[in-house]
Amino acid sequence: MNPARAMPNPPEVPSPPEQPPAPPPARPGLRARLWKWTKRLLILGVVGLVLAVATGVGAYLYFSRGLPSPEALRNYQLPQMTKVTCADGTLCAEFYKERRTVVRVEDLPKHVRDSFLAAEDADFYKHEGLDFWGITRATIKNLIPGSRKSGASTITQQVVKNMLLTPERSLGRKIREWILTPRVEQTLTKDQILNLYINQIYYGHKRYGLEEASLYYFGKHAKDLSIGEAAVLGGTPQSPNRINPETNIVRAKARQRYVLGQLAEHHFLPKELVQPELEKPIVLAPRPPPLVGGYYAEEIRRTLIERYGEQAVLEGGLRVSIAMVPSLQATAEEAVRTGLEAVDRRQGYRGPLGTMEPDRFARLKAQIDHRIEEAGRRQKDAEYVADLAPLARPGEEPKATDEDDGAEEQRPELNPEEEAPPSTEEALVASIPLRPLKEGLRLAGYVTEVDDKKGVAKVDLVSRTAEIAFPAVKWARQKGKGSPSSISDVLQVGELVRVRVLKALPAPAAIEATLDQVPVVQGGLVVINPANRNVVALVGGYDFERSPFNRATQAHRQPGSSFKPFLYAAALGSGRFTPLSTLNDAPEAFRDPYTGKQWKPKNFDGKFEGPMTLRTALTKSKNTVSVRLIEAITPQAAIEYARRAGIHSPLPENFTLALGTGEVTMLEAANAYATLQSNGRYTEPLLLLRVETSLGKVLEEHTPAFEETLPPAVAYLTTTLMRSVVEEGTATAVKELNRPAAGKTGTTSDSKDTWFSGYTMDWVASAWVGFDDATPLGSAETGGRAALPIWLDFMRVAHQGLPVRDFEVPPGIVQVRVDPATGLLAGNSMPGRLESFLEGTQPTAVAPPVGQVDTSNFFLEDGKRR
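So, here's what we can say about the structure. Please read all numbers here as calculations on a predicted model, not as lab measurements.

1. A short note on the overall build of the chain
Of regular secondary structure, the chain possesses 23 helices and 26 strands. Here the chain holds 866 residues, and 52% of them are scored as buried. Within the chain, contacts between residues at least 6 apart in sequence are counted, and of these 71% link residues at least 24 apart. In the form shown here, the chain has an accessible surface area of approximately 41,300 Å², with 54% of it arising from carbon and sulfur atoms.

Set out below in structure tokens:
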């Protein structure tokens, strides 16, 4: 291998001479640069515009899906109330989802219509539904930190939101509102839109539509509103639960001044007409009287809904006439309240509603006091005091009532969208009802002082202080304790208690009050006019708002001895017994063939008095005699008479029926007694008399259809037996009426049910008292002690000014003078007593002189009469 050879170096090449650097390119001119950026911005703008349009079209198409048609508003009928008229022609009830009476905007004065435009949408007749300048102003204002948020909804938008959409607060709902608003403007005229708005919108205190708001706040029709009043109502819909003139007169006045200013600024009214209204106080109408008959009205409402459906009753504007007489209904309600409170006091005191630390109460009191200062005063209302009951049950939902309870409405959906929801404490303060101070007012207060030396407790009602003296609480015996010996045995500082105002003395004197509590025991009263069977009064409990269950029509309770008149009527109708037939009141064990059980009935007082007449047995309510009677005639015979009188509830076919073990309602018991009162003439009790549509078409009308279901003479004879109950038996208190009356007490086992049913020539009534859960009332409570006072309190008032009338004697009755001891004709040497008999059953033999013969039964073995 040859070694490598070295390569020779190449010759050097000379470098070329260095060239000077090239000059930089010339910069484009200013015009070129501007055109370049303009093209970029134009392209970006076009792209943005395309995207915006695409987004807008997409959003429009997306949110347009499923939107309601504005055509639905063209013939839309706003929901209207069903109005119920009482027997005296007055309005006594209203049924509604929304309390509304529609008025035509064309019938309203110009200043009334303009007040709503000034308050909500001054350019209403100029824009096409959306106020773009207003939206822009509101958007800019809402972007400024610290500024108060505002909206820009036109009247048309509000109609869309309230009638076609929901009050949901979301961007999606707002976009749908923007889409629908122009469509509504194209479908309806401006006047039609305004008409829907004025009649649909909410004004606070459960009033919808301008007409109902005008009647409630100012006691006049909408067409009669003054400029100042119209400005108040025009401004109220912005926040109806907070700035209505009753809840807060200060806010209402400020809002009214704003509306008045807008009326002048937009040339709706000349300044010389607006200026005087700025300083005038807002004058509210006197407080509407509370409606009576909550239980009666609810029974009518349930009946109507069963027949016509909920929508027709609550939205269809029916016109209904009922048999209730408001004055008698009020009397009946007062009688039930008084009677149940008397029973409740005998049951003892159940203690305070609750307790609260003084520091917390002081903090809440300051806020409540501020509410009182700003609340609107009705004419004839002296001052407000606070009902502190909600403080004992914070967080509990207040019960809805037909009538306003003086508390601020907790309806966040009604607040403007920019308004923050209230805190828990603010909501609690707002829930406190404010009550006009008057004698008889019942409310809850806070005990701030208890002085045993003076025997006085002080109760704070926020704006006033009430004093309770020890004598007013002596009844307040607590369970497991003896009667109180000092006021501190009953009341302690920090307790929330119910009080009743006795004397509303002017400040600075303290209000005189007594301790109060809501009864747990329940009861009721049904009153019928026997001439036409109109149910003139019906009370189904102590307080409808607290307990709407209607014990007069829905509760089936054992009538006890108040059923015995039907048993006695059946016995008399059999032709085998007369009022002077003798049966033995003695202990005996009966084997009931209908149940197969052996049974030993006892009398209520535990005493047995031997042989006695039927009249005496019913007068003394002897159970043993009743059992002997039903054994003789059979339970089926007694049931038949009860059915023919008007008792339709199931009845037991056994001997216990003699003691009233079958369950009945107060209404059917009262009507069955009315059959006896009217000498055997029966017809259904009438509550509902007439129903018409809103256009006047009669849907139903009712009048009594009497039929003779019991022999008149038998019914009359039964009445004479019950007269003895009133004159010398278990119901002698009725003699106070100083007129012929008949009736029967009833007390069931363990006093679970107590009754009194009875009548005069003018009224038939049935009263019941007991616990809903059938807890015994206690051995001291009887029909004569618990139920009879309710019946008598009503009858005492109802008979004022009525002439005294005796019961009509029908054909088939023979009246003879008899010896009560033997049941035979009284001889000339005996004074005797006038006694009624069915024709052909009267005695023919003359009683011998006393001491010559033993008393014997007058018992007819044959002859059966019905």
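2. Some points on the packing of aromatic side chains
Counting across every chain of the model gives 14 aromatic pairs. With a centroid separation of 5.6 Å and 90° between ring planes, the pair formed by F566 and Y673 is classed as edge-to-face. Taken as a pair, F566 in helix α17 (residues 564-573) and Y673 in helix α21 (residues 666-677) lie far apart in primary sequence, 107 residues in all. Summarising the burial analysis for this pair, F566 and Y673 share the class buried. Residues Y759 and F807 carry aromatic rings whose centres are separated by 5.7 Å and whose planes lie at 90° to one another, so their mutual orientation is edge-to-face. Separated by 48 residues along the polypeptide, Y759 in strand β23 (residues 753-759) and F807 in the loop between α23 (783-798) and β25 (813-818) bring together distant segments of the chain. F807 matches Y759 in its accessibility class, with the two residues each being buried. Through a chain of ring-to-ring contacts, three or more aromatic side chains come together here, namely F563, F566, Y673, Y759 and F807. Stacked on the ring of Y641, the Lys or Arg R644 has its end atom at 4.8 Å from the ring centre.

3. Things to note about the packing of helix α13 (residues 326-347) against α23
Following both chains from N to C, one finds α13 and α23 inclined at 150°, their axes separated by 9 Å at the closest point. In this view, α13 runs roughly antiparallel relative to α23, as classed from their interaxial angle. When the axes of α13 and α23 are compared, the crossing they make is right-handed. Residues L328, T331, A332, A335, V336, T338, G339, V343 and R346 of α13 lie in contact with α23, whose contacting residues are R785, A786, I790, D793, F794, V797 and A798.

How each quantity is defined
- Residues numbered from 1 in each chain as written.
- Predicted model: local features only at pLDDT ≥ 70, side-chain atom pairs only at ≥ 80, totals over all residues.
- Heavy atoms only, no water.
- Helix = DSSP H or I, 4+ residues; strand = E, 2+ residues; numbered from the N terminus.
- Buried < 20%, exposed > 50% of the residue type's maximum accessible area, 1.4 Å probe, protein only.
- Contact = heavy atoms within 4.5 Å.
- Areas by Shrake-Rupley, 256 points an atom, 1.4 Å probe, with all protein chains shown as cover.
- Phe/Tyr/Trp six-rings, centres within 6.5 Å; stacked < 30°, edge-to-face > 60°.
- Lys NZ or Arg CZ within 6 Å of the ring centre and 35° of its normal.
- Axes fitted to C-alpha atoms, helices over the stretch in contact; angles between N-to-C directions.
- Parallel < 35°, antiparallel > 145°, perpendicular 65-115°, else oblique.
- Left-handed = near helix turned anticlockwise from the far one by under 90°.

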